[in-house]
Amino acid sequence: MRVAAFLAAFALLGATAATDTKSDVVSLTKDTFSKFVEDEKLSLIEFFAPWCALAPEYEVAATELKDKIPIAKVDCTVETEVCEQLEVRGYPTLKVFRDGKPSDYKGARKADSIVSYMKKQALPAVSVLSADEVEDFAASDKVVVIGFFPSLEGADFAAFNEVANQYRDDFLFGATEDDAVASSNAVSAPGIVLFKKFDEGKNVFGGKFEAEAIVDFVKENSVPLMDEIGPETYGDYVERGLPIAYLFYSNDEERKTFGAEVEPVAAEFKGKVSFVYIDANKFGGHGNNLNLKSEWPAFAVQEAKKNLKYPFDQSKKITKDAISAFVKSIVDGTLEPSLKSAPVPESNDGPVTVVVGSTFEQIVLDTTKDVFIELYAPWCGHCKKLAPIWDELGEKFKGSNVVIAKMDATENDLPASSPYRVEGFPTLKLYKANSNEIVDYDGDRTLISLIDFVKKNGVHGEAVTVQDTEGSESRADEDGHDEL
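Residues numbered from 1 in each chain as written. Predicted model: local features only at pLDDT ≥ 70, side-chain atom pairs only at ≥ 80, totals over all residues. Heavy atoms only, no water.

Of all residues in the protein chain, 92% attain a pLDDT of 70 or more, and the chain-wide mean is 89. Within the model, pLDDT remains below 50 along residues 1-20, and this stretch shows 51 contacts once partners closer than five positions in the same chain are excluded. Here residues 469-484 is modelled with pLDDT under 50, and outside its nearest four sequence neighbours on either side it reaches 30 contacts, counting other chains as well. (pLDDT = per-residue confidence, 0-100. Contact = heavy atoms within 4.5 Å.)

Where helix α7 (residues 155-166) meets helix α9 (residues 211-221), the axes come as close as 9 Å, and the angle between the chain directions of the two elements is 50 degrees. On the basis of the axis angle, α7 is oblique to α9. The interaxial crossing formed by α7 with α9 has right-handed handedness. The segment α7 lies against α9, with Ala159, Phe160, Glu162, Val163 and Gln166 engaging Ala211, Ile214 and Val215. Across the contact of α7 with α9, the residue classes tally to six nonpolar, one polar and one charged. (Axes fitted to C-alpha atoms, helices over the stretch in contact; angles between N-to-C directions. Helix = DSSP H or I, 4+ residues; strand = E, 2+ residues; numbered from the N terminus. Parallel < 35°, antiparallel > 145°, perpendicular 65-115°, else oblique. Left-handed = near helix turned anticlockwise from the far one by under 90°. Nonpolar A, V, L, I, M, F, W, Y, C, P; charged D, E, K, R; others polar.)

A few words on the pattern of salt bridges. Taken as a whole and judged by the stated rule, the model has 17 salt bridges. Its salt-bridge partner being glutamate 200, residue lysine 196 comes within 3.3 Å of it at the nearest N-O pair. In this structure lysine 196 comes out as buried when scored by relative accessible area, which is 6%. Looking at glutamate 200, the relative accessible area reads 45%, which means it is partly exposed. Between lysine 328 and aspartate 332 there is a salt bridge, with its nearest N and O atoms 2.6 Å apart. For lysine 328, a relative accessible area of 45% puts it in the partly exposed group. Linked through salt bridges whose partners overlap, the residues forming this network are Lys196, Glu200 and Lys270. (Salt bridge = Lys/Arg side-chain N within 4 Å of Asp/Glu carboxyl O. Buried < 20%, exposed > 50% of the residue type's maximum accessible area, 1.4 Å probe, protein only.)

Working definition: an aromatic ring pair is given by the centre-to-centre distance plus the angle between the planes. In this structure the tally under the stated criterion is 24 aromatic pairs. Centre to centre, the rings of phenylalanine 33 and phenylalanine 97 are 5.7 Å apart; their planes meet at 85 degrees, and the pair counts as edge-to-face. Of the two residues, phenylalanine 33 is situated in helix α2 (residues 33-39) and phenylalanine 97 in strand β4 (residues 93-98); the sequence distance between them amounts to 64 residues. Measuring from centroid to centroid gives 6.5 Å for phenylalanine 157 and phenylalanine 160, while their planes differ by 35 degrees, and the two rings are tilted. With phenylalanine 157 and phenylalanine 160 both in helix α7 and three residues apart, the pair spans about one turn of that helix. Assigned by exposure class, phenylalanine 157 and phenylalanine 160 land together as buried. A connected cluster of aromatic rings, assembled from ring pairs, spans Phe149, Phe157, Phe160, Phe171, Phe173, Phe205, Phe209 and Phe217. The aromatic ring of tyrosine 277 is capped on one face by arginine 255, whose charged end is 3.8 Å from the ring centroid. Seen from the ring of tyrosine 420, lysine 429 lies directly overhead, with NZ or CZ sitting 4.2 Å from the centre. (Phe/Tyr/Trp six-rings, centres within 6.5 Å; stacked < 30°, edge-to-face > 60°. Lys NZ or Arg CZ within 6 Å of the ring centre and 35° of its normal.)

Counted residue by residue, strand β3 (residues 71-75) has five buried out of five residues, so it is predominantly covered. Alternating residues of β3 divide into Ile71, Lys73 and Asp75 and Ala72 and Val74, and every residue in both groups is buried. Two strands pair when backbone bridges link them, and strand β1 (residues 25-27) and β3 are joined in this way by three bridges, in the parallel orientation. Bridging across to β3, valine 25 finds its partner in isoleucine 71. Bridge analysis of strand β2 (residues 42-48) against β3 gives five bridges, and the strand direction is parallel. Residue pairing in the sheet places glutamate 46 in a bridge with lysine 73 of β3. Between the parallel elements β2 and β3, the chain passes through helix α3 (residues 57-64) in a crossover that is right-handed. (Pairing = 2+ DSSP bridges. Right-handed = clockwise from strand over helix to strand, strands pointing away.)

Here you go:
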């Protein structure tokens with residue numbers, strides 16, 4: 001079936017419910033919802049609350065998709081029955097409806113991203129193209145991947161089709177059997193060309209026709225050499241699995257001047273490191289997370305999944321040669337990651353042992369002790385409430401082989417070997433003696449519950465005598481039960 005038939009599917013039936021004045025977004029109620037999703041072959045619906053909605057991005061997307069793919073919304077503060085049936089748990093929630101059946105929307109929430117995502121939903125994983133359809137299809141989205149094949153059968157097309165099905169939500173894929181159009185695009189069948197509306201405009205696949213190689217080709221070339229990063233795109237860069245190199249700038253002049261120094265380095269390490277611009281006025285806090293001082297411009301590299309940070313020396317000027325050498329040392333593995341650490345306390349003999357970044361492995365990974373550590377933030381209300389209880393817990397186990405510890409996670413990094421990242425405060429973890437096995441604590445933050453947890457989960461917990469909350473001693477009885 002030719003792609004024209006699928007493109008024609010954009011011309012879907014008009015809205016079957018009343019629309020808001022001067023809005024291309026259809027407002028649905030419990031009385032109109034069922035008929036709308038049943039009548040429309042494909043639609044996108046936002047479930048929102050008045051204080052938490054996607055406008056104006058959603059409105060812009062609806063206008064661009066008008067008469068192609070209907071865009072609708074449901075106010076969950078009014079239409080509670082509809083939202084409860086669909087198990088809407090937060091706002092705004094977006095769902096794609098295909099022939100009346102819902103699925104989660106997985107794209108970004110900017111207007112152009114919504115439009116691009118929904119266009120992909122209206123097409124098959126691979127659109128079969130005639131010679132006169134290739135040019136328009138290649139220009140129909142920011143990134144389009146077209147395969148040129150002698151036949152849409154066999155192992156080569158099967159590998160291409162596998163990748164298309166895997167990434168159909170992210171990119172448009174097309175295929176043609178026309179030899180002449182392959183030649184006009186400087187490729188011989190079987191071949192693949194990635195067309196894009198940035199950088200060099202297109203890339204020709206030169207690898208082996210295997211799914212993994214095709215995926216690598218698409219991932220490497222579908223991202224601009226240097227693009228702006230923000231909340232909407234950060235996750236995409238992390239998922240690429242490459243180190244992220246950030247150029248922080250505070251004004252347009254810095255972006256232009258130092259971008260000219262860094263962009264050639266981005267080309268040099270294409271496919272090995274993702275390079276991005278980041279607005280320090282909006283996201284300067286991320287620079288602090290990367291162990292940079294709030295002085296711009298600045299440069300840093302992050303391996304997000306490993307929580308490794310490499311800040312470029314801010315006393316040095318950002319030049320092409322300096323950044324190239326810096327990035328090369330990271331790629332080669334010769335540069336040690338930066339570890340943020342507060343000064344080691346001069347005295348550390350209180351009931352709670354203070355841990356900093358530089359002493360974490362020495363104290364927390366001491367295999368002769370059970371170490372129960374609180375990772376906190378000074379501004380965290382829950383942490384402040386826990387503080388006197390944590391001190392009392394330290395008193396209970398003082399002088400034993402159980403260490404009660406704490407670390408300010410806003411001023412100190414976990415070591416590179418840490419298997420987890422701090423996602424919230426306070427984070428409480430027990431490192432068991434002998435093995436350093438980590439046991440998460442998610443119980444009540446009461447003294448009794450915390451003591452009980454240590455005694456049940458620690459290697460040395462049962463052997464330790466502690467004072468109960470009334471001041472009397474508590475020992476584990478012969479059956480192994482705690483008496484607190």
